[in-house]
Amino acid sequence: MEWRTMRRFKQQISDEECAQVLKKAWRGVLAINGENGYPYGIPIDFYYDEEDGKIYFHGAKQGNKIDLLHENNKACLTVMDEGFHREGDWALNIRSVIAFGTIETVTDEKIAMKELTRLAKKYYPTEEGALAEVEKDGARTNMLVMSMDHMTGKLVNES
């Protein structure tokens with residue numbers, strides 16, 4: 001499949017910078033094909049695994065998101081960093097990443113628990129808290145994985 005090149009190519013960031021944004025960003029919006037021809041965008045917590053280049057997130061084992069993914073598992077995840085100001089400039093500079101790919105349920109229980117633990121460690125203030133939460137609710141959690149087909153990122157100056 002051929003992907004369109006970025007129109008504002010001078011603002012494009014490298015794959016390494018994209019990976020950094022994916023590692024550090026706290027939230028993203030997952031867009032999938034929704035009902036009645038409408039897109040369905042969901043704010044999510046996620047974990048980017050640099051080892052396998054995939055994005056992991058969790059959710060319920062049933063519901064609208066799961067039903068829609070069974071119909072069409074193509075998705076787009078959009079994330080942004082917190083931005084920064086260059087010295088002497090009022091404008092915010094933001095790096096964003098758009099990742100396109102397909103989503104599957106993680107069926108291997110060992111991998112699901114490994115990635116759920118990594119996800120929890122990203123968000124919980126302590127490792128002990130993360131491990132306790134995984135132990136408490138891990139078996140009831142549905143882990144999903146997005147394999148990326150294409151990714152782009154750019155740096156935008158908001159002036």
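Colleague: Just give me the short version of the layout of surface pockets, but keep the residues and values in it.
Modeller: In this structure, the largest pocket occupies an estimated 260 Å³ of space. Taken together, 14 residues make up the lining of the largest pocket; nearest its centre are Thr5, Met6, Arg7, Ile98 and Thr152. Counting only elements with at least two residues in the lining of the largest pocket, the list comes to strand E7 (92-105) and strand E8 (142-157). Its residues assigned to classes, the lining of the largest pocket shows five nonpolar, five polar and four charged. In this structure, the second largest pocket encloses a volume near 220 Å³. Around the second largest pocket sit Glu17, Gln20, Val21, Lys24, Ala25, Trp26, Arg27, Met80, Asp81, Glu82 and Arg95, which together line it.

Colleague: Can you lay out the packing of aromatic side chains for me, pointing to particular residues and giving the numbers?
Modeller: Counted under the stated rule, the structure contains one aromatic pair. When the centroid spacing of 5.1 Å and the interplanar angle of 65° are considered together, the rings of Trp26 and Tyr123 count as edge-to-face. Of the two residues, Trp26 is situated in the loop between helix H1 (15-24) and strand E1 (28-33) and Tyr123 in helix H3 (residues 109-123); the sequence distance between them amounts to 97 residues. Accessibility expressed as a relative area gives 42% for Trp26, which makes it partly exposed. The positively charged end of Lys122 is found above the aromatic ring belonging to Phe46, 4.1 Å away from the centroid.

Colleague: Describe unusual backbone geometry, naming the residues involved and giving the relevant values.
Modeller: Positive phi values are uncommon outside glycine, yet Asn36 reaches one of about 60°. Mapped onto the elements of the fold, Asn36 is located in the loop between E1 and strand E2 (39-44). By relative accessible area, Asn36 is classed as exposed at 73%.

Colleague: Outline the pattern of salt bridges, supporting the account with residue identities and numerical values.
Modeller: Scanning the model with the defined rule gives 10 salt bridges in all. Glu51 is the partner of Arg118 in a salt bridge, and the nearest nitrogen-oxygen pair spans 2.9 Å. Taken together, the residues span a long stretch of sequence, with Arg118 in helix H3 and Glu51 in the loop between strand E3 (47-49) and strand E4 (54-59) at a distance of 67 residues. Close ionic contact of Asp81 with Arg95 constitutes a salt bridge, the shortest N to O distance being 3.5 Å. With Asp81 in the loop between strand E5 (74-80) and strand E6 (84-85) and Arg95 in strand E7, this residue pair connects regions lying 14 residues apart in the sequence. On the basis of relative accessible area, Asp81 is assigned to the partly exposed category, the value being 21%. Ionic contacts of the salt-bridge type, sharing partners, join the residues Asp49, Glu51, Lys114, Glu115 and Arg118 into one network.

Conventions we followed
What you see as residue numbers is a count from 1 along each chain, following the sequence as written. Since the coordinates come from a predicted model, pLDDT governs what is reported: local features require at least 70, and pairs of side-chain atoms require 80 or more to be given and counted, while whole-chain, interface and lining totals use all residues. The side-chain figures draw on all heavy atoms in the structure; neither hydrogens nor water molecules are used. Cavity: a set of points on a 1 Å grid over the protein atoms alone where a 1.4 Å probe fits but cannot get out. Pocket: an open set with protein on both sides within 12 Å along at least five of seven lines, its lining residues, like those of a cavity, having an atom within 4 Å of a point. Grid points are joined across faces, edges and corners, and a volume is the space filled by probe spheres set on the points. Secondary structure elements follow DSSP: runs of H or I no shorter than four residues count as helices, runs of E no shorter than two count as strands, and numbering proceeds from the N terminus. Any residue that is not Ala, Val, Leu, Ile, Met, Phe, Trp, Tyr, Cys, Pro, Asp, Glu, Lys or Arg is counted as polar, Gly included; the first ten are nonpolar and the last four charged. Aromatic rings from Phe, Tyr and Trp, with only the six-membered ring used for Trp, were paired whenever their centres fell within 6.5 Å, and each pair was classed as stacked if the ring planes differed by under 30 degrees, edge-to-face if by over 60, and tilted otherwise. Think of it in three bands: with a 1.4 Å probe and only protein chains considered, a residue is buried below 20% of the maximum accessible area for its type, exposed above 50%, and partly exposed in between. Either the NZ atom of lysine or the CZ atom of arginine qualifies as a charge over a ring when it sits within 6 Å of the ring centre and within 35 degrees of the ring normal. Each salt bridge in this description consists of a side-chain nitrogen of Lys or Arg and a carboxyl oxygen of Asp or Glu lying within 4 Å of one another.

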